[in-house]
Amino acid sequence: MTLSQTVFLLFLNIGIWFIIHLSISISLLFLPKDLFIKNVVFQVLFKAHKWEKNGQLYDSAFLVKSWKDKVPDGASLFNLGYMKKQLPSTKKKDMEEFIMETKRAELTHWLIMLLAPAFFLWNPLWAAWINIIYALCSNVPFIMIQRYNRPRLERIQRLKIKRIDNRLS
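In this text the structure is predicted, and so the values were computed from the model without any measurement.

Chemist: Is there a simple way to explain the environment of D73 in this structure?
Modeler: Turning to its location among the elements, D73 is positioned in the loop between helix 5 (64-67) and helix 6 (74-78). Taking relative accessible area as the criterion, D73 reaches 9% and is therefore assigned buried. Spatially, the C-alpha atom of D73 lies 9.1 Å from that of F142, the residues being 69 residues apart in sequence.

Structure representation (structure tokens):
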């Protein structure tokens, strides 16, 4: 492979990744919020598993808490969607919206990763594997952040509801 072919391939892959990231991110903004809350498939996908220890696994094994606020939020990069850098308030509506948006963000990164094998179609084997590594490195950390944050937010939400129910009793 010549240098010019390698450079062309590099720019082709960068362009395709940019289109994939942007098109999936934007198209998921149009999915109704109820889908993330009521859809059975999504409920299974976004369910916290026991082995995740309510998200604590991601901090104990990968120190997520120490770096999660340092990675860019796609919504703020492109000024699209819901910014997840900080919870606007602990009001019920804001909590529900934030939790739902963690699901949208997680789904976005899963779908982007699922397209990585397509890079084997036009790349030599070594370049396709580089794209697989890129897909993992650019998406898994964001999935871990969502899976770390969401159980904590859901716990806070449950505690607030319990407190309100206790006051009404």
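Chemist: Quick question: what am I supposed to make of the packing of helix 1 (residues 3-29) against helix 7 (residues 92-114) here?
Modeler: When two helices pack together, you describe them by how their axes are tilted relative to each other and by the distance separating the axes. At a minimum axis distance of 10 Å, the contact between helix 1 and helix 7 shows a crossing angle of 145°. Of the two possible hands of crossing, helix 1 and helix 7 adopt the one that is right-handed. Note on element contacts: helix 7 touches helix 1 through R104, L107, T108, L111 and I112, opposite W17, I20, H21, I24, S25, L28 and L29. Broken down by class, the residue content of the contact of helix 1 with helix 7 amounts to 8 nonpolar, 3 polar and 1 charged.

Calculation notes
- Residues numbered from 1 in each chain as written.
- Predicted model: local features only at pLDDT ≥ 70, side-chain atom pairs only at ≥ 80, totals over all residues.
- Heavy atoms only, no water.
- Helix = DSSP H or I, 4+ residues; strand = E, 2+ residues; numbered from the N terminus.
- Buried < 20%, exposed > 50% of the residue type's maximum accessible area, 1.4 Å probe, protein only.
- Axes fitted to C-alpha atoms, helices over the stretch in contact; angles between N-to-C directions.
- Left-handed = near helix turned anticlockwise from the far one by under 90°.
- Contact = heavy atoms within 4.5 Å.
- Nonpolar A, V, L, I, M, F, W, Y, C, P; charged D, E, K, R; others polar.

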